[in-house]
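# Examination of the molecular architecture
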Amino acid sequence: MPKLAVLGQPIAHSRSPAMHTAALGALGLAEEWTYEAIEVAPDDFDSRVRSMPRGGFVGANVTVPHKLRALAIADSASPAAREIGAANTLSFTERGIEADNTDASGLIAALPVSPGGKRALVLGAGGAARACVWALAGSGAEVSVWNRTRARAEALASELDASVADLGGRPLEPSTYDLLVNATSVGLASASASASEPGDPLPDLKTLCLDADSVEARHVVVDLVYGSAETPLSMFARERGATVVDGLEVLVHQGAASLRLWTGLDPPLDVMRATARSDTIRWQQTSAPDT
Ligand code: NAP
């Protein structure tokens, strides 16, 4: 009975168990495969992971705060995981622990257009931003990075073939970019709020050096943040007529890429998407094609 899991702390909020369990069912594997959430403290991560193959696990997703450790503990790593410096997917095989990063391929798969030749601005310089910059630059986009802590943006940009967006405290000039990716955690509080309406977007926009004119209908806006409500940035961009890809869409595609690695099968994206969104407040959503 092959077992799968997602490891993190906290983990109770994760949509991955429901999403993957539904996918395994649709693939006809529900009787054989399982997927569960396992809360693991940082100090216990290495021993927990090393014990997983003995416990029947064939793979695991890894989330906050373990993505760096997941790469460090692996016996081998894909170029994506190695160059991004973090892993969100582990496979337990006869070759040992193999690390991969499907946050990167998940972003590209979630986009409604190819990023090749496009100008992309990535907001953030944490783990998610690293995956986005690596994926976009590798797909032929011209990538700039902005981060609250500029030194982190500089370090990321010099390592991953990008430049630092020098906004000088001014709002973003809309003509400069085609694609805008929020890979900071700004918006998380509003998206997680119990209120059924999205919060006021202006404070978040200001935090991200954006103003009301920064987003236009021709932009593709990706907000990696997701919760039970639409994020202020997604709502704002949608109202401006931009094409919006929300964090759940990226979650679905990164999960699908992990499932493909473990099972070798084509994941049922519609089932995964419906499950990931099932307890989410409904809002208008631009879905990427199932490529
Ligand atoms: P992380 O490594 O902790 O990085 C956090 C980033 O957010 C940093 O760039 C940080 O800037 C910035 N930030 C935090 N608070 C800020 C504020 N008040 N103002 C401006 N910038 C702020 O986190 P991560 O792993 O990269 O994840 C980032 C977000 O992406 C999270 O919300 C996560 O849930 C989401 N995510 C979604 C998916 C998906 O599949 N949809 C996948 C991965 C991550 P400083 O460097 O200045 O601190």
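Because the structure is a prediction, the values reported are computed rather than measured. Counting restarts for each chain, with residues numbered from 1 along the sequence as it is written. Local features in a predicted model are, by the rule used here, given only for residues with pLDDT of at least 70; side-chain atom pairs are given and counted only at 80 or more, and totals for whole chains, interfaces and linings are based on all residues. Hydrogen atoms and water are omitted, and side-chain values are computed over all heavy atoms in the structure.

### Quick word on the site of the ligand
The rule for a residue being near a molecule or strand is that one of its heavy atoms must lie within 4 Å of it. Around the ligand, 23 residues are found, and the nearest of them are Ala-128, Asn-147, Thr-149, Arg-152 and Gly-247. Polar contacts, as counted here, are pairs of nitrogen or oxygen atoms within 3.5 Å of one another; within protein the pair requires one atom able to donate a hydrogen and one able to accept it, and residues that are adjacent in sequence qualify only if both atoms are side-chain atoms. Contact between the ligand and Ala-128: an oxygen atom at 2.8 Å from a main-chain N or O atom of the residue. Take Arg-148: an N or O atom from its side chain is 2.9 Å from an oxygen atom of the ligand. All accessibility values rest on the Shrake-Rupley procedure with a 1.4 Å probe; residue burial counts only the protein chains present in the view. Considering the ligand on its own, with 930 Å² of exposed area, one finds that the protein chains cover 76% of that surface. Those elements that provide at least two residues to the shell around the ligand are helix H6 (127-138) and helix H11 (247-263). Under the scheme applied, nonpolar residues are Ala, Val, Leu, Ile, Met, Phe, Trp, Tyr, Cys and Pro; charged residues are Asp, Glu, Lys and Arg; polar residues are all the others, including Gly. Considering only residue class, the shell around the ligand consists of nine nonpolar, ten polar and four charged. Under the DSSP-based scheme used, a helix requires at least four consecutive residues in state H or I and a strand at least two consecutive residues in state E, with every element numbered from the N terminus.

### What about the sheet that holds strand E6 (residues 96-100)?
If you walk across this open sheet you meet the six strands as E2-E1-E3-E5-E6-E4, and the pairing is mixed. Since the sheet does not close on itself, it has two edges, and those belong to strand E2 (34-39) and strand E4 (76-77), each with one partner. Packing against the sheet, H11 makes contact with strand E1 (3-8), E2, strand E3 (57-62), strand E5 (89-93) and E6, and its axis sits at approximately 160 degrees to E3. When DSSP finds two or more bridges between a pair of strands, those strands are recorded as paired. Only heavy atoms enter the contact rule, under which two residues are in contact if any of them lie within 4.5 Å. To define axes, lines are fitted to C-alpha atoms, for helices over the stretch in contact only, and angles between the resulting N-to-C directions are given on a 0 to 180 degree scale.

### Remarks on the packing of H11 against helix H12 (residues 269-276)
Viewed as axis vectors pointing N to C, H11 and H12 meet at an angle of 135 degrees, and their least axial separation amounts to 10 Å. In terms of axis orientation, H11 runs oblique to H12. Both H11 and H12 take part in a crossing whose hand is right-handed. Between H11, through Leu-248, Glu-249, Val-252, His-253, Gly-255, Ala-256 and Leu-259, and H12, the contact on the second element is made entirely by Leu-269, Met-272, Arg-273 and Ala-276. Classifying every residue of the contact of H11 with H12 gives seven nonpolar, two polar and two charged. Each angle gets one of four labels, with under 35 degrees taken as roughly parallel, over 145 as roughly antiparallel, 65 to 115 as roughly perpendicular, and the rest as oblique. Crossing handedness: left-handed means the near helix sits turned counterclockwise from the far one by under a right angle, and right-handed means the same turn made clockwise.

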